[in-house]
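Residue-level structural notes
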Amino acid sequence: MRPLSVYVHIPFCTVKCGYCDFNAYAGMDALKDSYRDALLAEIRASAPLLESRHVHTVAFGGGTPGEIPSQHVASILDALRSQAPFEPNAEVSLEANPGTTGVRQLHGLARAGVNRVSFGAQSFDPAELRFLDRVHSPEAVAQSVANARSAGIASVGVDLMYGLPGQAACSWEATLDRAVGLVPDHVSCYALTVEDGTMLARRVERGEVEPLDPDAVAGLYELATDTLARAGYRQYEISNWSRPGHESRHNQVYWTDGDYLAFGAGAHGYLDGERYENVAHPRAYIQRLLDAAPGDTRPALQRAYRPDTSTAIFDWVTLALRRLDGFDSAAFDDRFGRSLDSVLAEPLADAESAGALTRDGHTVRLTSSGRLLHGEISVRILAHLTRDSQLAARK
């Protein structure tokens, strides 16, 4: 039986943060029961896709999955278990907000089988939390971490955000120190990005908000790297650090070309080389499931496609380079039936000569300075693949 990961999208939020471009909605609490029923129906319909597979990770993302009743989470996990066996040590993770996920909810999640929770702390500075539209206080983060531990959840993490407009190094350092003081098992640090279509993007366009200088953002990233290393956390991916044994197994699937089945409104999946996405709006998703024809294994499907070779190579390499361990060039050869150098010699050599990438035998990885340039290196790889595809098409 082949391993399979499962992603479950929960689109509900208490407040839609101004910087967020995820498929998330505030003010739709009345849909929660119907949405759960739709998820259960989608899981039942997808039974043929789960045949001969065993589940080794499940991730509830959103939105804010911690905002739905723990009984809903339990029923979703029970439905999945009825279709495919879970590994005995399967990782079941869930994202939650500090302050709004109470002791009772956390105990219910633990009973349902959730063994990994990540709290969206973002900052320990009250002014920064207000800018980010977060509804919790700095103190709520500590209480939430303690509550999760008391509930018996084995792995408890915090997510932080840096690169806020006007953010000083001392403020970011104080947030890192407060986070480390809670002794979480996992820490994620993400740079604030201005995404098209968000309230933050509109504020930037109007001149109300000035993004932080990129050099200053890079300095904050390096501060996080140094601070977390001193505290004993191992960095295993560009944005992720953990105590030994607490790395996210689910996210590793994304970075290593693994299969994952996705359920829920706007959920994106990747199965047997095909990428797909579900209809995005929760009401439309629920209606699709109500109207589903018998035998339809993907009743919520909006789009499915099989990436062309250039796109598949781009995805494979750029995701693998996010990992500090990098990747084995022999694995690339096996995956694509071509040698790495026959496809990407030029951009990889350029990155290596700039000190951003190192090659040690078959191992290809970014250097510490190269992690800051992952986006630029990805752009160059894409440009190289696009140019080669265009040349091949002309022949």
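Up top is the structure these notes are about.
These notes cover the structure that comes with them. (Residues numbered from 1 in each chain as written. Predicted model: local features only at pLDDT ≥ 70, side-chain atom pairs only at ≥ 80, totals over all residues. Heavy atoms only, no water.)

Observations concerning the packing of aromatic side chains
- Under the definition given, this model contains 12 aromatic pairs.
- Centroid distance Tyr162 to Trp172: 5.4 Å. Interplanar angle 40 degrees. Geometry classified as tilted. Of the two residues, Tyr162 is situated in strand E7 (residues 155–162) and Trp172 in helix H7 (residues 169–181); the sequence distance between them amounts to 10 residues.
- Pairing Phe332 with Phe336 gives two aromatic rings, centres 4.9 Å apart and planes at 45 degrees, and the pair type is tilted. Highlighted residues: Phe332 and Phe336, both in helix H13 (residues 329–336), separated by 4 residues, approximately one helical turn. Here Phe332 and Phe336 have matching classes, each one buried.
- Among the aromatic residues, ring-to-ring pairing joins Tyr162, Trp172, Tyr221 and Trp241 into one connected group.
- Of note, Arg81 hangs over the ring of Phe86, and the distance from its end group to the ring centre comes to 5.0 Å.
- The cationic tip of Arg275 hangs over the ring face of Tyr270; the distance from NZ or CZ to the ring centre is 4.2 Å. (Phe/Tyr/Trp six-rings, centres within 6.5 Å; stacked < 30°, edge-to-face > 60°. Helix = DSSP H or I, 4+ residues; strand = E, 2+ residues; numbered from the N terminus. Buried < 20%, exposed > 50% of the residue type's maximum accessible area, 1.4 Å probe, protein only. Lys NZ or Arg CZ within 6 Å of the ring centre and 35° of its normal.)

Description of the sheet that holds strand E16 (residues 357–360)
- Taken in spatial order, the 3 strands of this open sheet run E15-E17-E16, and their pairing is antiparallel. In the strand order of this sheet, the two ends are held by strand E15 (327–328) and E16, each with one partner.
- Relative to strand E17 (residues 363–366), E16 runs antiparallel, the two sharing 4 bridges. For Asp360, the partnering residue across the bridge sits in E17 and is Thr363.
- Each of E15, E16 and E17 touches helix H14 (residues 340–353); the most contacted strand, E16, lies at about 125 degrees to it. (Pairing = 2+ DSSP bridges. Contact = heavy atoms within 4.5 Å. Axes fitted to C-alpha atoms, helices over the stretch in contact; angles between N-to-C directions.)

What to know about unusual backbone geometry
- For the bond from Gly62 to Gly63, the omega torsion is 25 degrees, close enough to zero to count as cis.
- The backbone of Asp272 shows a phi angle near 50 degrees, a positive value even though the residue is not glycine.
- Locating Asp272 in the fold gives a position in the loop between strand E12 (268–271) and strand E13 (274–278).
- Owing to a relative accessible area of 42%, Asp272 belongs among the partly exposed residues under this scheme.

Some points on the packing of helix H4 (residues 103–112) against helix H6 (residues 138–150)
- Interhelical geometry of H4 versus H6 gives an angle of 40 degrees and a closest axis separation of 9 Å. Put simply, H4 runs oblique to H6. Two packed elements cross with a definite hand, and for H4 against H6 that hand is right-handed. Residues Val103, Leu106 and His107 of H4 form the contact with H6, whose own contacting residues are Ser144, Asn147, Ala148 and Ser150.
- When its residues are assigned to classes, the contact of H4 with H6 shows 3 nonpolar, 4 polar and no charged. (Parallel < 35°, antiparallel > 145°, perpendicular 65-115°, else oblique. Left-handed = near helix turned anticlockwise from the far one by under 90°. Nonpolar A, V, L, I, M, F, W, Y, C, P; charged D, E, K, R; others polar.)

Geometric values such as these leave the question of function open.
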